[in-house]
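Remarks on the overall topology
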Amino acid sequence: MYKKIAKKVWNNDTHLGVDLKTQLSSDRKMKTGKGYQGVLRRDSDPIIDDFLCRDAHFTFVETLPWSMKRNPKVFNGKYISATLQDDGNLRLNFKPLKIDGNFSVDRYCLGVYNEVFMALCGRVEK
């Protein structure tokens, strides 16, 4: 009777006893009922021996929704934006130039310089 009920409740892909390590970005601990987007990786298989019994070990790494984009923006300023390419390079993108009565080439160049400096801070090895 017990085996018959157990087959109805648990599927073949259900792991009842596992060690799970989590690496979360949004919370310190997983919250009950909250769904997390990420990658689950199996680190080791279970070991069942005469003297040793260890459950399978898994690691869950949470990914943020913005990290799923192909080229995520790492900087967004008034004059430029910076995106991170798939190969790890930083790409600077100039925004459309708005020339009106208050436009000054000196102010524009200084603004672009400051934004490039801010975008590169922490991204370039010293």
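Heads up: the structure comes first, above all this text.
Treat the numbers as computed from the prediction; the structure is a model and nothing was measured. (Residues numbered from 1 in each chain as written. Predicted model: local features only at pLDDT ≥ 70, side-chain atom pairs only at ≥ 80, totals over all residues. Heavy atoms only, no water.)

Further remarks concern the overall build of the protein chain. What the protein chain contains, in helices and strands, is two helices and eight strands. Within the span of the protein chain, comprising 126 residues, buried residues form 17% of the whole. Carbon and sulfur atoms make up 54% of the accessible area of the protein chain, which totals about 10,900 Å². (Helix = DSSP H or I, 4+ residues; strand = E, 2+ residues; numbered from the N terminus. Buried < 20%, exposed > 50% of the residue type's maximum accessible area, 1.4 Å probe, protein only. Areas by Shrake-Rupley, 256 points an atom, 1.4 Å probe, with all protein chains shown as cover.)

Structurally, Thr59 is set in strand E5 (residues 56-62). At a separation of 2.3 Å, a polar atom in the side chain of Thr59 contacts the side chain of Asp43. In this view, Thr59 contacts Leu20, Lys21, Gln23, Val39, Leu40, Arg41 and Asp43; residues no more than four positions away in its chain are not counted. (Polar contact = N/O pair within 3.5 Å; in protein donor to acceptor, adjacent residues only side chain to side chain. Contact = heavy atoms within 4.5 Å.)

Attention now moves to the packing of aromatic side chains. Note on aromatic pairs: each is described by the distance of the centres and the angle between the planes. Considering all chains together, one arrives at two aromatic pairs under this definition. Taken together, a centroid distance of 5.4 Å and an interplanar angle of 90° make the contact between Tyr79 and Tyr108 edge-to-face. Here the residue Tyr79 occupies a position in the loop between strand E6 (73-76) and strand E7 (80-84), and Tyr108 occupies one in helix H2 (residues 105-120), the gap between them amounting to 29 residues. Accessibility expressed as a relative area gives 17% for Tyr108, which makes it buried. A ring pair is formed by Phe103 and Tyr108, whose centres lie 5.9 Å apart and whose planes are at 45°; its orientation type is tilted. The rings of Tyr79, Phe103 and Tyr108 are connected pair by pair, giving a single aromatic cluster. (Phe/Tyr/Trp six-rings, centres within 6.5 Å; stacked < 30°, edge-to-face > 60°.)

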